[in-house]
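Listed here are the chains, written in short residue letters.
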Amino acid sequence: DTGVSQDPRHKITKRGQNVTFRCDPISEHNRLYWYRQTLGQGPEFLTYFQNEAQLEKSRLLSDRFSAERPKGSFSTLEIQRTEQGDSAMYLCASLPGLAGSTDTQYFGPGTRLTVL
Amino acid sequence: AQSVTQLGSHVSVSEGALVLLRCNYSSSVPPYLFWYVQYPNQGLQLLLKYTTGATLVKGINGFEAEFKKSETSFHLTKPSAHMSDAAEYFCAVSDQGGNQFYFGTGTSLTVIP
């Protein structure tokens, strides 16, 4: 059990560019969550997967955001045409069981995005 | 819908003093409640959680919290603060389906030597 990993840890990009982040959950964890955290705020739910199925998406997830988990293992979060307001820490978390279980979320270290 | 309010964005205590971080929740269904700690440039780590059963929950690093349904509260306490407790603390709530988790805005704890 190596924990949840995220790559890259830091990303600086210019406004209008596309960026993609990767999350590798703990092996065999069924559920995977993406959150956005801005300075002085708690994590805000973006979306979650159960295996490869994307089950819920927040209204915060505009059309410029897309997430995938093609084989039910790692996940990617892509932001197209980045805006300065997208600057934040993007956190990934995984849980072992299916929805309805009382499992603990295990968080990765996050990817800090800065849009210039 | 669920939501969380953390009273006090900054709390300072002396080393060895009682730590009390406040959390009130709103939920239309019986909630699951959580406290997480976050150190700078790191992800969140679970301190403790309440799902069902005993309302006084003990967690790691000497922290505990009590679920009080009548007060819709889940305050975090520790009898004696240690310098290493300085961090950001987040309270969170989810429905029993565990589909979405809602976090408070956090409380930054400073421990004064």
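Residues numbered from 1 in each chain as written. Chains lettered and ligands numbered in written order. Predicted model: local features only at pLDDT ≥ 70, side-chain atom pairs only at ≥ 80, totals over all residues. Heavy atoms only, no water.

Chemist: Even after reading the chapter, I still don't get the packing of aromatic side chains, so can you show me in this structure?
Modeler: By convention here, two paired aromatic rings are described through the distance between centres and the angle between planes. Enumeration according to the criterion identifies 16 aromatic pairs over all chains in this entry. With a centroid separation of 4.6 Å and 10° between ring planes, the pair formed by tyrosine 33 of chain A and tyrosine 48 of chain A is classed as stacked. With tyrosine 33 of chain A in strand 4 (residues 31-37) and tyrosine 48 of chain A in strand 5 (residues 44-50), the pair connects residues that are 15 residues apart, well separated along the chain. Through a chain of ring-to-ring contacts, the aromatic side chains of Tyr33, Tyr35, Phe45, Tyr48 and Phe107 of chain A together with Phe34, Tyr36, Phe101 and Phe103 of chain B assemble into a single cluster. Residue placement shows arginine 22 of chain A over the ring face of phenylalanine 74 of chain A; its charged tip is 3.9 Å from the ring centre. (Phe/Tyr/Trp six-rings, centres within 6.5 Å; stacked < 30°, edge-to-face > 60°. Helix = DSSP H or I, 4+ residues; strand = E, 2+ residues; numbered from the N terminus. Lys NZ or Arg CZ within 6 Å of the ring centre and 35° of its normal.)

Chemist: Looking at this structure, I do not really get the interface of chain B and chain A. What am I missing?
Modeler: Listed as interface residues are 20 residues of chain B and, on the opposing side, 25 residues of chain A. Overall, the association of chain B and chain A removes approximately 1,700 Å² of surface from exposure, summing both partners, and the carbon and sulfur fraction of that is 49%. Scanning the region where chain B abuts chain A turns up zero salt bridges. Class assignment for the residues of the side of chain B that touches chain A results in seven nonpolar, twelve polar and one charged. (Contact = heavy atoms within 4.5 Å. Buried area = accessible area lost by both parts, 1.4 Å probe. Salt bridge = Lys/Arg side-chain N within 4 Å of Asp/Glu carboxyl O. Nonpolar A, V, L, I, M, F, W, Y, C, P; charged D, E, K, R; others polar.)

Chemist: Teacher, can you tell me more about the environment of valine 37 of chain B here?
Modeler: All names here are of chain B. By secondary structure assignment, the location of valine 37 is in strand 5 (residues 32-38). Classification of valine 37 by relative accessible area gives buried; the value is 1%. Separated by 34 residues in the primary sequence, valine 37 and glutamate 71 have C-alpha atoms spaced 23 Å apart. (Buried < 20%, exposed > 50% of the residue type's maximum accessible area, 1.4 Å probe, protein only.)

Chemist: Looking at this structure, I do not really get the sheet that holds strand 3 (residues 19-24) of chain A. What am I missing?
Modeler: Strands pair in a sheet through their backbones, by hydrogen bonds, and they do so in one of two ways: parallel or antiparallel. Residue and element names in this part refer to chain A. What the four strands build is an open sheet, ordered 1-3-8-7; its pairing is antiparallel. Each edge of the open sheet carries a strand with a single partner, namely strand 1 (5-7) and strand 7 (65-68). Strand-to-strand twist of the sheet, defined as the mean angle between neighbouring strand axes without regard to direction, takes the value 15°. The sheet contact formed by strand 7 and strand 8 (residues 75-79) spans four bridges and is antiparallel. Within strand 8, the position partnered with phenylalanine 65 by the bridge is isoleucine 79. (Pairing = 2+ DSSP bridges. Axes fitted to C-alpha atoms, helices over the stretch in contact; angles between N-to-C directions.)

Chemist: Can you help me understand unusual backbone geometry in this one?
Modeler: Among all residues save glycine, negative phi is the norm, and among peptide bonds the norm is trans. In the segment running from aspartate 7 of chain A into proline 8 of chain A, the intervening peptide bond is cis, with an omega of -5°. Look at arginine 81 of chain A: it is not a glycine, yet its phi comes out positive at around 50°. Topologically, arginine 81 of chain A is positioned in the loop between strand 8 and strand 9 (88-95). Even without being a glycine, threonine 72 of chain B presents a positive backbone phi close to 45°. Structurally, the position occupied by threonine 72 of chain B is in the loop between strand 8 (64-68) and strand 9 (73-78).

Chemist: When you look at the pairing of strand 8 of chain B in this model, what are you seeing that I'm missing?
Modeler: Remember that side chains alternate between the two faces of the sheet whenever the strand is regular. Residues and elements named next belong to chain B. On strand 8, burial follows the alternation: Ala65 and Phe67 on one face are buried, whereas Glu64, Glu66 and Lys68 on the facing-out side are not. Two strands pair when backbone bridges link them, and strand 7 (residues 56-58) and strand 8 are joined in this way by three bridges, in the antiparallel orientation. Bridge assignment links leucine 56 to a residue of strand 8, and that residue is glutamate 66. From the end of strand 7 to the start of strand 8, which pair antiparallel, there are five residues, and asparagine 61 there has a positive phi angle of about 60°. Taken together, strand 8 and the strand that follows it, strand 9, pair antiparallel across an intervening segment of four residues, in which threonine 72 is found at a positive phi of about 45°.

Chemist: Sorry if this is basic, but what is going on with the side chain of arginine 36 of chain A here?
Modeler: Residues and elements named next belong to chain A. Position of arginine 36 relative to the elements: it lies in strand 4. Despite its burial, arginine 36 remains without a salt bridge, the nearest opposite charge being carried by glutamate 44 at 4.0 Å. If we skip the residues at most four places from it in the chain, arginine 36 touches Gly42, Pro43, Glu44, Leu46, Leu60, Phe65, Ala88, Met89 and Tyr90. (Lys, Arg positive; Asp, Glu negative; His and termini not counted.)

Chemist: What exactly am I supposed to notice about the confidence of the model for chain A here?
Modeler: Detail in the predicted coordinates should be disregarded across regions flagged by low pLDDT. Averaged over all residues, the pLDDT of chain A is 91; the fraction at 70 or higher stands at 96%. Per-element confidence in chain A ranges from a low mean pLDDT of 89 for strand 6 (residues 53-57) of chain A to a high of 98 for strand 3 of chain A. (pLDDT = per-residue confidence, 0-100.)

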